[in-house]
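Chains, contacts and geometry: an overview
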Amino acid sequence: FHRMSKAFEQTQPHIVFHAAAYKHVPILEENPGEAVRVNVLGTWVLHRLAQQFGVERFILISSDKAVNPSNVLGLSKRMGEMMISAAPHGAMRSTAVRFGNVLGSRGSVVPTFAKQIEMGGPITLTHADMTRYFLSIAEAVSLVIQAAAITQGGDIYVLDMGVPVSIADLAQRMIRARGLRPGRDIAIEYVGPRPGEKLSEELVSDEEEKIPTDHQSIFRIRRAGGLDSAQLDQRIDGLVEFTGNGATPEAIRDELKNCVSSLDLSFVVRQ
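Residues numbered from 1 in each chain as written. Predicted model: local features only at pLDDT ≥ 70, side-chain atom pairs only at ≥ 80, totals over all residues. Heavy atoms only, no water.

With that settled, consider the overall build of the protein. Per the secondary structure count, the protein includes nine helices and 12 strands. The C-alpha radius of gyration of the protein comes to 19 Å, within 12% of the 18 Å expected for a compact globule of 271 residues. Dimensions of the protein, computed from C-alpha atoms along their principal axes, come out at roughly 60 × 45 × 40 Å. Partitioning the contacts of the protein with sequence separation of at least 6, the portion at a separation of at least 24 is 79%. Of the roughly 13500 Å² that the protein leaves accessible, carbon and sulfur atoms contribute 51%. For the protein, the centre of its 29 positive side-chain charges and the centre of its 31 negative side-chain charges are spaced 5 Å apart. (Helix = DSSP H or I, 4+ residues; strand = E, 2+ residues; numbered from the N terminus. Rg over C-alpha atoms; globule rule 2.2 N^0.38 Å. Contact = heavy atoms within 4.5 Å. Areas by Shrake-Rupley, 256 points an atom, 1.4 Å probe, with all protein chains shown as cover. Lys, Arg positive; Asp, Glu negative; His and termini not counted. Charge placed at Lys NZ, Arg CZ, Asp CG, Glu CD.)

Before going further, it helps to examine the nonpolar core. If you look at the biggest cluster of nonpolar residues, it comprises 34 residues, and the most contacted ones within it are Phe8, Phe58, Val97, Phe99, Leu135 and Leu159. Contributions of two or more residues to this core are made by α3 (32–52), β2 (57–63), β3 (93–99), α6 (137–150), β8 (155–159) and β12 (218–223). For this core, the element with the most residues is α6, which contributes five residues. If you look at the next biggest cluster of nonpolar residues, it comprises 20 residues, including Ala35, Val72, Met83 and Leu239. (Core = buried A, V, L, I, M, F, W, Y, C linked by side-chain atoms within 4.5 Å. Buried < 20%, exposed > 50% of the residue type's maximum accessible area, 1.4 Å probe, protein only.)

The next thing to look at is a nonpolar patch on the surface. On the surface, Ile15, Phe17, Ile137, Val141 and Ile145 cluster together to form a nonpolar patch covering roughly 440 Å² of accessible area. Of all elements in the fold, only β1 (15–18) and α6 reach the threshold of two or more residues within the nonpolar patch. Of the residues forming the nonpolar patch, the biggest block, three residues, is contributed by α6. With respect to the secondary-structure elements, Phe17 resides in strand β1. Residue classification places Phe17 among the partly exposed positions, given a relative accessible area of 41%. (Patch = residues over 30% accessible without salt bridge, like charges linked within 9 Å, V, L, I, M, F, W, Y side chains within 5 Å. Salt bridge = Lys/Arg side-chain N within 4 Å of Asp/Glu carboxyl O.)

Applying the stated criterion to the full structure yields one cavity of 30 Å³ or more. The set of elements that each furnish at least two residues to the lining of the largest cavity consists of α3 and α4 (72–86). In terms of residue count, the dominant contributor to the lining of the largest cavity is α4 (three residues). The class makeup of the residues in the lining of the largest cavity is three nonpolar, five polar and one charged. (1 Å grid on protein atoms, 1.4 Å probe; cavity = no way out; pocket = protein on both sides within 12 Å on 5 of 7 lines; lining within 4 Å. Points joined across faces, edges and corners; volume = space filled by probe spheres on them. Nonpolar A, V, L, I, M, F, W, Y, C, P; charged D, E, K, R; others polar.)

By the element assignment, Gly192 lies in the loop between β10 (188–190) and β11 (208–212). Taking the C-alpha atoms as reference, Gly192 lies 5.6 Å from His127; in sequence the two are 65 residues apart.

End to end, α3 covers 29 Å across 21 residues, agreeing with the expected 30 Å (1.5 Å per residue, within 8%). Remark: the principal bend of α3, roughly 30 degrees, maps to Leu41. Following α3 by one or two positions, Gly54 has its phi on the positive side, about 75 degrees. (Expected span 1.5 Å × (residues − 1). Bend = angle between axes of the 7 residues up to and from the residue.)

Below, the structure is given as structure tokens:
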């Protein structure tokens, strides 16, 4: 808190884009305490400091994994979205922007597949039916800036990601693009879904309504009911304290699920 406070004091930012987070699903399943420390508490601290130092706009980068979350990453990102929704409507306008996988970003399947092909294979896939939403880094940056410009505060936006892409088809296309034959020149191995992974992701839940904006590729999310900021702060304090008292990873995952489900009763936490 004190180091970030000093950074705000020195730089006096007008706009904060909060993209810092742990995002690798299997690692966070094994280390949920780090998701609480960085993705939940880190977001809470940064958002409060932004309010304290008179920031005009605060933009949280969220994820499609926050929709009906089945893993620690999704739960931690949903907690961040709730902080935005519960934020008091003051001088600072807060928004969360939800999208899927960014091509070429750290940990993306594209550079992973490329490296596996360069090494002669095999390409490792989790499941033949797995699909994901993708957009380029340039598209992601442009749309996040656009959402920051149009927000009125307390909003969650979802970006138009097109249709989900088959990961198996993507791997085969990348092999053929190098003049090689899938299954012959480069083997494809299925290793099974990793802990916490879904076969397909969602951009909007059944309890949410997608509202068009003036930008054709950006939609605002409307949810029934509201969130109490005082109750949210109390649950975050309790979660952080619980995590720091030597709780097991399993217990931390359960407590994180309980926080999300208790704060947003219409929200479905998938097992």
